[in-house]
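Architecture and fold: a report
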Amino acid sequence: MEVHHHAHTEGKRLKHYLFEFFMLFLAVFCGFLAENLREHQVEKERERQYIISLVADLKDDTAAIDQQVRDDQTSVVLCDSFCLFLDSPDMAKKNGDGIYYAARVGNRRSPLVNNTRTFDQLTNSGGFRLIRRSETSNRIMDYYSQFPLLRMLENIFNDENSAYKSAESQVIDPAIFRKQENPDGTINRSTDNPSLLTYDRTLLKQLEFKMVQLNGSRRGMIPMMQKIKQSAIDLVNYLEKTYHLE
């Protein structure tokens, strides 16, 4: 009887230990699930915040591109007139006002400034791992991959601008440039038909050629920026629809 009682007690203890082990395991497992759920919710919210920030950057880009395209289109027309005025010595002598104004402002161009704040954060801090949809990551990367080609054209424009200025120095009187300047940096268009340093046909043609090159590069950037703008609009529409941001 004592042996039977001892076995019965041991069985009860074993069941008790198994029950405690099961309860401990269940508590740890539930804690693990809760932590995973909390981490998932945190990462999901971080992803959403990245997307909201990215949409704001893209909207900044579309506004910047609109302004840049307008400025470039205005400069293209101005530089076309400049080339026409240099087509012959007689034309140049009659259009000093237009030549000096276009020579001063026509070659000015700032590079397009796009907002890469969120993209840089995603790239540098490993934030792309939070983007769960591969389509979203691919669309974002495709959008920003368009800018290197634009930067290359901007560098070409800058090189051509240096060559243009060298040719310009042989034709344009810098004293007239100084008279055009306002204290705030804006430029006045003269009204007294100022003279050029020379009306040598060869030098006029060289200057015209440099401007044609410069204006050609600017013309090439306009449709490229318009394409980037449309890509930004399409990406915004996709992100707002996919992440329910409307």
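Scroll up for the structure.
All figures in this text were calculated on a predicted structure; none of them were measured in a lab.

Once that is clear, we can look at the pattern of salt bridges. All chains considered together, the criterion is met by twelve salt bridges. Residues aspartate 66 and lysine 229 are paired through a salt bridge, measuring 2.7 Å at the closest nitrogen-oxygen approach. Placement of the pair is aspartate 66 in helix H1 (residues 2-85) and lysine 229 in helix H8 (residues 201-242), with a sequence separation of 163 residues. Assessed through its relative accessible area of 26%, aspartate 66 is described here as partly exposed. Since its relative accessible area comes to 23%, lysine 229 is described here as partly exposed. Across the pair arginine 139 and glutamate 135 runs a salt bridge, and its minimum N-O distance is 3.1 Å. In this pair, arginine 139 and glutamate 135 both sit in helix H5 (residues 134-144), four residues apart, roughly one turn of the helix. Its relative accessible area of 34% is what places arginine 139 among the partly exposed residues. Three or more residues are tied together by salt bridges with common partners; here these are Asp72, Arg109, Arg151 and Glu154.

Nonpolar side chains collect at one region of the surface, where Leu149, Met152 and Ile156 lie side by side and expose about 250 Å² of accessible area between them. Position of leucine 149 relative to the elements: it lies in helix H6 (residues 147-168). What makes leucine 149 partly exposed here is its relative accessible area of 43%.

So, about the packing of aromatic side chains. One pass over the full model with this rule turns up seven aromatic pairs. Taken together, a centroid distance of 6.2 Å and an interplanar angle of 90 degrees make the contact between tyrosine 100 and phenylalanine 177 edge-to-face. Linking tyrosine 100 in helix H3 (residues 96-105) with phenylalanine 177 in helix H7 (residues 174-180), this pair joins segments that are 77 residues apart in sequence. One exposure class covers both tyrosine 100 and phenylalanine 177, and it is buried. Cation over ring: arginine 104 sits above phenylalanine 177, and NZ or CZ is 4.9 Å from the ring centre.

This brings us to the layout of surface pockets. What the largest pocket holds in volume is close to 210 Å³. As for the largest pocket, its lining consists of 14 residues, and the residues nearest its centre are Asp71, Asp72, Ser75, Arg108 and Arg109. Going through the elements one at a time, H1 and H3 are the ones with two or more residues in the lining of the largest pocket. A total of six residues in the lining of the largest pocket trace back to one element, the largest contributor, which is H1. For the lining of the largest pocket, a count of residues per class yields five nonpolar, five polar and four charged.

Let us look at unusual backbone geometry. A negative phi holds for most residues other than glycine; trans holds for most peptide bonds. Of note, the phi angle at asparagine 193 is positive, near 50 degrees, even though the residue is not glycine. In this structure, asparagine 193 sits in the loop between H7 and H8. Here histidine 244, not a glycine, exhibits a phi torsion of approximately 55 degrees, which is positive.

Calculation rules
Residues numbered from 1 in each chain as written. Predicted model: local features only at pLDDT ≥ 70, side-chain atom pairs only at ≥ 80, totals over all residues. Heavy atoms only, no water. Salt bridge = Lys/Arg side-chain N within 4 Å of Asp/Glu carboxyl O. Helix = DSSP H or I, 4+ residues; strand = E, 2+ residues; numbered from the N terminus. Buried < 20%, exposed > 50% of the residue type's maximum accessible area, 1.4 Å probe, protein only. Patch = residues over 30% accessible without salt bridge, like charges linked within 9 Å, V, L, I, M, F, W, Y side chains within 5 Å. Areas by Shrake-Rupley, 256 points an atom, 1.4 Å probe, with all protein chains shown as cover. Phe/Tyr/Trp six-rings, centres within 6.5 Å; stacked < 30°, edge-to-face > 60°. Lys NZ or Arg CZ within 6 Å of the ring centre and 35° of its normal. 1 Å grid on protein atoms, 1.4 Å probe; cavity = no way out; pocket = protein on both sides within 12 Å on 5 of 7 lines; lining within 4 Å. Points joined across faces, edges and corners; volume = space filled by probe spheres on them. Nonpolar A, V, L, I, M, F, W, Y, C, P; charged D, E, K, R; others polar.

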